[in-house]
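One letter stands for each residue in the lines below.
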Amino acid sequence: MDSLFEFLVSAFLVIAGIFGIVGSFGLLKLDDPMSRLHAPTKATTLGVGGVLLASMLNAAAFGEYFSMHELMITLFLFLTAPITAHFIAKVHIHRQETRETMPAAGEDDHWATHDTPEDEERRNAAADPADL
Amino acid sequence: MNLFRRLFPHPLLTLLLTVTWLLLVNGWSLNSLLFGLGLGIMIPFLTQAYWPNRPRLSRPLKVIEYVLVVLADIVQANIIVARIVLFKPNAERRPNWITIPLDLKTPEAITALAGTITMTPGTLSADVSDEGHTLLVHCLDAPNPEAVRAEIKERYEHRLREIFE
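Residues numbered from 1 in each chain as written. Chains lettered and ligands numbered in written order. Predicted model: local features only at pLDDT ≥ 70, side-chain atom pairs only at ≥ 80, totals over all residues. Heavy atoms only, no water.

### Side note on the packing of aromatic side chains
Residues and elements named next belong to chain B. Selection criterion: Two aromatic rings, drawn from Phe, Tyr or Trp (for Trp, its six-membered ring), form a pair once their centres lie within 6.5 Å of each other, and the interplanar angle then sorts them: stacked below 30 degrees, edge-to-face above 60, tilted otherwise. Helix and strand assignments come from DSSP, with helices taken as H or I runs of at least 4 residues and strands as E runs of at least 2, each series counted from the N terminus. For the exposure calls, accessible area comes from a 1.4 Å probe over protein chains only, and a residue counts as buried if that area is under 20% of its type's maximum, exposed if over 50%, partly exposed in between.
For the structure on display, the rule yields two aromatic pairs over all chains. A ring pair is formed by Tyr66 and Tyr156, whose centres lie 6.5 Å apart and whose planes are at 85 degrees; its orientation type is edge-to-face. Separated by 90 residues along the polypeptide, Tyr66 in helix H4 (residues 62-87) and Tyr156 in helix H6 (residues 145-164) bring together distant segments of the chain. The pair Tyr66 / Tyr156 is uniform in exposure class, with both members buried.

### Observations regarding the sheet that holds strand E3 (residues 134-139) of chain B
All names here are of chain B. As a reminder of what qualifies: Strands are treated as partners if at least two bridges between them are detected by DSSP. Angular values range over 0 to 180 degrees, each being the angle between N-to-C directions of two axes fitted as lines to C-alpha atoms, with helices fitted over their stretch in contact.
With respect to topology, three strands assemble into an open sheet ordered E1-E3-E2, the strand pairing being antiparallel. Looking at strand neighbours, the two that pair on one side only are strand E1 (96-101) and strand E2 (123-128), the edges of this open sheet. Neighbour-to-neighbour, the strand axes of the sheet open up by a mean angle of 30 degrees, direction not taken into account. The sheet contact formed by E2 and E3 spans five bridges and is antiparallel. Paired with Thr123 across the two strands is Cys139, which belongs to E3.

### Some details on the pairing of E3 of chain B
Across a regular strand the side chains alternate sides, sitting on one face of the sheet and then on the other. Residue and element names in this part refer to chain B. Judged by how many residues are buried, E3 sits mostly within the fold: six of six residues are covered. The pairing of E1 with E3 spans six bridges and is classified as antiparallel. When the bridges of E3 are listed, Thr99 appears paired with Leu136. Linking E2 to E3, which pair antiparallel, is a turn of five residues; within it Gly132 sits at a positive phi near 75 degrees.

### Things to note about the packing of H4 of chain B against H6 of chain B
All names here are of chain B. To be explicit about the condition: The cut-offs work like this: below 35 degrees is roughly parallel, past 145 is roughly antiparallel, 65 to 115 is roughly perpendicular, and the gaps in between are oblique. Take the far helix as the reference: if the near one is turned anticlockwise from it by less than a right angle, the crossing is left-handed, and if turned clockwise, right-handed. Contacts are residue-level and defined by heavy atoms, with any inter-residue pair within 4.5 Å sufficient. The residue classification treats Ala, Val, Leu, Ile, Met, Phe, Trp, Tyr, Cys and Pro as nonpolar and Asp, Glu, Lys and Arg as charged. All others, Gly included, are polar.
Contact geometry for H4 and H6: axes closest at 10 Å, N-to-C directions at 165 degrees. Taken together, the axes of H4 and H6 are roughly antiparallel relative to one another. H4 and H6 meet at a crossing whose hand is left-handed. Of the residues in H6, those touching H4 at Lys62, Val63, Glu65, Tyr66, Val69, Val70 and Asp73 are Arg155, Tyr156, Arg159, Leu160, Glu162 and Ile163. Tallied by class, the residues present in the contact of H4 with H6 amount to seven nonpolar, no polar and six charged.

Here it is, written out as C-alpha coordinates:
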(Lines give C-alpha, C1' and ligand atoms only; values in the text may rest on other atoms or scores of the structure.)
Protein backbone atom coordinates (compact mmCIF):
# COMPACT_ATOMS: atom_id res chain seq x y z
CA MET A 1 0.00 0.00 0.00
CA ASP A 2 2.79 2.40 0.91
CA SER A 3 4.55 1.90 -2.37
CA LEU A 4 1.34 2.71 -4.26
CA PHE A 5 1.14 6.08 -2.54
CA GLU A 6 4.82 6.69 -3.11
CA PHE A 7 4.28 5.96 -6.78
CA LEU A 8 1.32 8.37 -6.98
CA VAL A 9 3.18 11.15 -5.16
CA SER A 10 6.18 10.86 -7.47
CA ALA A 11 3.93 10.71 -10.53
CA PHE A 12 2.28 14.02 -9.55
CA LEU A 13 5.70 15.57 -8.91
CA VAL A 14 6.99 14.48 -12.32
CA ILE A 15 3.85 15.76 -14.10
CA ALA A 16 4.18 19.09 -12.28
CA GLY A 17 7.85 19.30 -13.23
CA ILE A 18 7.11 18.64 -16.89
CA PHE A 19 4.50 21.39 -17.03
CA GLY A 20 6.84 23.76 -15.19
CA ILE A 21 9.54 23.14 -17.79
CA VAL A 22 7.10 23.49 -20.69
CA GLY A 23 5.96 26.82 -19.22
CA SER A 24 9.52 28.14 -18.98
CA PHE A 25 10.39 26.80 -22.41
CA GLY A 26 7.32 28.53 -23.84
CA LEU A 27 8.54 31.82 -22.38
CA LEU A 28 11.69 31.44 -24.51
CA LYS A 29 10.17 29.93 -27.62
CA LEU A 30 7.04 32.00 -28.24
CA ASP A 31 7.87 35.08 -30.22
CA ASP A 32 5.41 37.83 -29.42
CA PRO A 33 4.76 39.51 -26.04
CA MET A 34 1.09 38.56 -25.71
CA SER A 35 1.77 34.90 -26.52
CA ARG A 36 4.58 34.84 -23.95
CA LEU A 37 2.03 35.73 -21.29
CA HIS A 38 0.33 32.37 -21.86
CA ALA A 39 3.33 30.42 -20.59
CA PRO A 40 3.26 31.54 -16.91
CA THR A 41 -0.49 30.88 -16.54
CA LYS A 42 0.18 27.29 -17.56
CA ALA A 43 2.97 26.89 -15.02
CA THR A 44 0.73 28.15 -12.22
CA THR A 45 -2.20 25.87 -13.03
CA LEU A 46 -0.98 22.33 -13.64
CA GLY A 47 2.64 22.89 -12.58
CA VAL A 48 1.86 24.20 -9.12
CA GLY A 49 -1.34 22.15 -8.93
CA GLY A 50 0.59 18.92 -9.37
CA VAL A 51 3.04 19.76 -6.59
CA LEU A 52 0.17 20.68 -4.27
CA LEU A 53 -1.68 17.44 -5.02
CA ALA A 54 1.50 15.48 -4.32
CA SER A 55 1.97 17.37 -1.07
CA MET A 56 -1.61 16.71 0.08
CA LEU A 57 -1.36 13.05 -0.80
CA ASN A 58 1.96 12.78 0.99
CA ALA A 59 0.58 14.38 4.16
CA ALA A 60 -2.54 12.19 4.08
CA ALA A 61 -0.65 8.94 3.48
CA PHE A 62 2.52 9.39 5.53
CA GLY A 63 1.95 12.41 7.80
CA GLU A 64 -0.09 12.47 10.99
CA TYR A 65 -2.80 14.77 9.75
CA PHE A 66 -4.73 15.67 6.64
CA SER A 67 -3.26 18.91 5.31
CA MET A 68 -5.56 21.61 3.95
CA HIS A 69 -3.09 24.41 3.35
CA GLU A 70 -2.60 23.27 -0.24
CA LEU A 71 -6.24 24.05 -1.04
CA MET A 72 -5.67 27.56 0.28
CA ILE A 73 -2.56 27.99 -1.87
CA THR A 74 -4.60 26.91 -4.92
CA LEU A 75 -7.40 29.30 -4.03
CA PHE A 76 -5.08 32.27 -3.55
CA LEU A 77 -3.13 31.44 -6.72
CA PHE A 78 -6.35 31.31 -8.71
CA LEU A 79 -7.34 34.68 -7.29
CA THR A 80 -4.01 36.43 -7.92
CA ALA A 81 -2.61 34.89 -11.13
CA PRO A 82 -5.29 36.37 -13.46
CA ILE A 83 -4.73 39.81 -11.94
CA THR A 84 -0.98 39.88 -12.65
CA ALA A 85 -1.58 38.54 -16.18
CA HIS A 86 -4.24 41.22 -16.68
CA PHE A 87 -1.81 43.93 -15.51
CA ILE A 88 0.89 42.82 -17.93
CA ALA A 89 -1.61 42.60 -20.79
CA LYS A 90 -2.83 46.11 -20.00
CA VAL A 91 0.76 47.46 -20.00
CA HIS A 92 1.28 45.86 -23.40
CA ILE A 93 -1.92 47.40 -24.80
CA HIS A 94 -1.01 50.76 -23.29
CA ARG A 95 2.55 50.93 -24.63
CA GLN A 96 2.59 48.87 -27.83
CA GLU A 97 -0.88 49.24 -29.29
CA THR A 98 -3.05 52.16 -30.33
CA ARG A 99 -6.79 52.37 -30.85
CA GLU A 100 -6.22 51.73 -34.53
CA THR A 101 -4.18 48.54 -34.11
CA MET A 102 -6.68 46.94 -31.72
CA PRO A 103 -9.75 45.01 -32.91
CA ALA A 104 -13.07 46.88 -32.77
CA ALA A 105 -14.66 46.87 -29.32
CA GLY A 106 -18.04 45.44 -30.26
CA GLU A 107 -20.91 47.75 -29.49
CA ASP A 108 -18.65 50.13 -27.56
CA ASP A 109 -16.15 52.59 -28.97
CA HIS A 110 -12.76 51.48 -27.66
CA TRP A 111 -11.01 49.40 -24.97
CA ALA A 112 -10.82 50.57 -21.38
CA THR A 113 -7.00 50.84 -21.40
CA HIS A 114 -7.23 53.52 -24.12
CA ASP A 115 -9.91 55.46 -22.29
CA THR A 116 -9.09 59.11 -21.56
CA PRO A 117 -10.65 61.65 -19.17
CA GLU A 118 -12.15 63.43 -22.23
CA ASP A 119 -13.93 60.20 -23.20
CA GLU A 120 -15.40 59.96 -19.74
CA GLU A 121 -16.66 63.54 -19.85
CA ARG A 122 -18.24 62.89 -23.23
CA ARG A 123 -19.95 59.77 -21.90
CA ASN A 124 -21.24 61.56 -18.83
CA ALA A 125 -22.54 64.42 -20.96
CA ALA A 126 -24.30 62.01 -23.31
CA ALA A 127 -25.81 59.90 -20.54
CA ASP A 128 -29.29 60.55 -19.32
CA PRO A 129 -28.97 62.75 -16.19
CA ALA A 130 -31.55 60.57 -14.45
CA ASP A 131 -29.13 57.62 -14.58
CA LEU A 132 -26.35 59.40 -12.71
CA MET B 1 -35.60 38.79 9.13
CA ASN B 2 -34.69 42.43 8.82
CA LEU B 3 -32.46 42.24 11.87
CA PHE B 4 -30.86 39.09 10.47
CA ARG B 5 -30.07 40.93 7.23
CA ARG B 6 -28.53 43.79 9.16
CA LEU B 7 -26.34 41.54 11.27
CA PHE B 8 -25.42 39.16 8.44
CA PRO B 9 -25.43 41.27 5.26
CA HIS B 10 -23.73 38.48 3.29
CA PRO B 11 -24.49 35.07 4.84
CA LEU B 12 -22.56 33.19 2.13
CA LEU B 13 -19.51 35.39 2.67
CA THR B 14 -19.74 34.67 6.40
CA LEU B 15 -19.71 30.95 5.65
CA LEU B 16 -16.83 31.31 3.19
CA LEU B 17 -14.70 33.32 5.61
CA THR B 18 -15.31 30.84 8.43
CA VAL B 19 -14.34 27.88 6.24
CA THR B 20 -11.27 29.77 4.95
CA TRP B 21 -10.18 30.46 8.52
CA LEU B 22 -10.58 26.81 9.51
CA LEU B 23 -8.55 25.75 6.46
CA LEU B 24 -5.83 28.27 7.31
CA VAL B 25 -5.67 26.98 10.88
CA ASN B 26 -5.34 23.52 9.30
CA GLY B 27 -7.10 21.78 12.14
CA TRP B 28 -10.45 21.40 13.76
CA SER B 29 -11.28 22.84 17.19
CA LEU B 30 -14.18 24.71 18.73
CA ASN B 31 -11.81 27.55 19.50
CA SER B 32 -10.87 28.16 15.87
CA LEU B 33 -14.47 27.65 14.71
CA LEU B 34 -15.68 30.40 17.06
CA PHE B 35 -12.86 32.73 16.06
CA GLY B 36 -13.50 32.06 12.38
CA LEU B 37 -17.20 32.68 12.86
CA GLY B 38 -16.32 35.94 14.61
CA LEU B 39 -14.23 37.02 11.63
CA GLY B 40 -16.97 35.85 9.27
CA ILE B 41 -19.50 38.06 11.02
CA MET B 42 -17.27 41.09 11.61
CA ILE B 43 -15.73 41.42 8.13
CA PRO B 44 -18.99 41.49 6.07
CA PHE B 45 -20.58 43.76 8.69
CA LEU B 46 -17.73 46.29 8.65
CA THR B 47 -17.25 46.26 4.87
CA GLN B 48 -20.88 46.29 3.72
CA ALA B 49 -20.87 50.07 3.33
CA TYR B 50 -18.05 49.81 0.78
CA TRP B 51 -19.72 47.13 -1.31
CA PRO B 52 -23.20 48.30 -2.25
CA ASN B 53 -25.23 46.56 -4.98
CA ARG B 54 -23.57 43.25 -4.20
CA PRO B 55 -25.09 40.61 -6.48
CA ARG B 56 -27.02 37.88 -4.72
CA LEU B 57 -26.10 34.42 -5.89
CA SER B 58 -29.36 33.04 -7.16
CA ARG B 59 -28.12 29.43 -7.33
CA PRO B 60 -25.08 28.99 -5.05
CA LEU B 61 -24.90 25.22 -5.60
CA LYS B 62 -24.17 25.80 -9.27
CA VAL B 63 -20.79 27.16 -8.16
CA ILE B 64 -19.64 23.60 -7.41
CA GLU B 65 -20.55 22.44 -10.91
CA TYR B 66 -18.82 25.49 -12.38
CA VAL B 67 -15.60 24.86 -10.44
CA LEU B 68 -15.51 21.21 -11.52
CA VAL B 69 -16.09 22.11 -15.18
CA VAL B 70 -13.32 24.71 -15.03
CA LEU B 71 -10.88 22.33 -13.32
CA ALA B 72 -11.48 19.65 -15.96
CA ASP B 73 -11.02 22.22 -18.72
CA ILE B 74 -7.77 23.46 -17.16
CA VAL B 75 -6.25 19.96 -17.25
CA GLN B 76 -7.42 19.33 -20.80
CA ALA B 77 -6.34 22.74 -22.11
CA ASN B 78 -2.94 22.45 -20.41
CA ILE B 79 -2.15 19.39 -22.49
CA ILE B 80 -3.30 21.08 -25.69
CA VAL B 81 -1.19 24.17 -24.97
CA ALA B 82 1.85 22.11 -23.99
CA ARG B 83 1.61 20.39 -27.36
CA ILE B 84 1.39 23.76 -29.14
CA VAL B 85 4.42 25.10 -27.27
CA LEU B 86 6.54 22.01 -27.83
CA PHE B 87 5.68 20.89 -31.33
CA LYS B 88 4.12 23.74 -33.29
CA PRO B 89 6.54 26.09 -35.09
CA ASN B 90 5.94 29.77 -34.39
CA ALA B 91 5.23 30.45 -38.06
CA GLU B 92 2.26 28.05 -38.06
CA ARG B 93 0.79 29.33 -34.84
CA ARG B 94 -2.11 31.78 -35.26
CA PRO B 95 -2.18 34.09 -32.23
CA ASN B 96 -5.31 36.17 -32.36
CA TRP B 97 -7.43 38.72 -30.55
CA ILE B 98 -10.99 37.64 -29.92
CA THR B 99 -13.79 39.95 -28.82
CA ILE B 100 -16.58 38.48 -26.75
CA PRO B 101 -19.84 40.43 -26.51
CA LEU B 102 -20.97 40.10 -22.89
CA ASP B 103 -24.45 39.11 -21.77
CA LEU B 104 -23.33 39.37 -18.14
CA LYS B 105 -24.11 42.68 -16.46
CA THR B 106 -22.73 42.52 -12.91
CA PRO B 107 -19.05 43.52 -12.53
CA GLU B 108 -18.46 40.57 -10.17
CA ALA B 109 -19.67 38.07 -12.77
CA ILE B 110 -17.56 39.67 -15.52
CA THR B 111 -14.52 39.51 -13.21
CA ALA B 112 -15.17 35.82 -12.57
CA LEU B 113 -15.47 35.18 -16.30
CA ALA B 114 -12.25 37.10 -17.07
CA GLY B 115 -10.39 35.19 -14.34
CA THR B 116 -11.65 31.86 -15.66
CA ILE B 117 -10.58 32.72 -19.19
CA THR B 118 -7.09 33.62 -17.99
CA MET B 119 -6.70 30.48 -15.87
CA THR B 120 -7.67 28.13 -18.67
CA PRO B 121 -4.46 27.99 -20.71
CA GLY B 122 -4.55 29.10 -24.33
CA THR B 123 -6.80 32.06 -23.67
CA LEU B 124 -6.07 35.24 -21.75
CA SER B 125 -8.46 38.06 -21.00
CA ALA B 126 -6.71 41.34 -21.70
CA ASP B 127 -9.23 44.17 -21.49
CA VAL B 128 -12.87 45.22 -21.38
CA SER B 129 -14.43 47.87 -23.57
CA ASP B 130 -14.94 51.36 -22.17
CA GLU B 131 -18.55 50.72 -21.18
CA GLY B 132 -18.13 47.10 -20.20
CA HIS B 133 -20.08 45.42 -22.97
CA THR B 134 -17.24 43.49 -24.61
CA LEU B 135 -14.33 41.43 -23.36
CA LEU B 136 -11.01 41.28 -25.20
CA VAL B 137 -9.35 37.86 -25.15
CA HIS B 138 -5.99 36.88 -26.54
CA CYS B 139 -5.65 33.36 -27.96
CA LEU B 140 -2.37 31.51 -28.23
CA ASP B 141 -3.49 29.55 -31.27
CA ALA B 142 -6.90 30.20 -32.78
CA PRO B 143 -7.28 29.27 -36.42
CA ASN B 144 -11.03 29.51 -35.85
CA PRO B 145 -11.92 32.48 -33.56
CA GLU B 146 -15.66 31.85 -33.89
CA ALA B 147 -15.37 28.44 -32.25
CA VAL B 148 -13.41 29.80 -29.27
CA ARG B 149 -15.95 32.59 -28.78
CA ALA B 150 -18.85 30.15 -28.91
CA GLU B 151 -17.17 27.79 -26.46
CA ILE B 152 -16.45 30.51 -23.91
CA LYS B 153 -19.99 31.86 -24.15
CA GLU B 154 -21.61 28.48 -23.85
CA ARG B 155 -19.38 26.78 -21.26
CA TYR B 156 -18.56 29.64 -18.90
CA GLU B 157 -20.74 32.66 -19.51
CA HIS B 158 -23.94 30.64 -19.62
CA ARG B 159 -23.14 28.98 -16.28
CA LEU B 160 -22.11 32.28 -14.68
CA ARG B 161 -25.39 33.82 -15.76
CA GLU B 162 -27.23 31.03 -13.97
CA ILE B 163 -25.17 31.65 -10.84
CA PHE B 164 -25.28 35.43 -10.72
CA GLU B 165 -28.46 36.46 -12.49
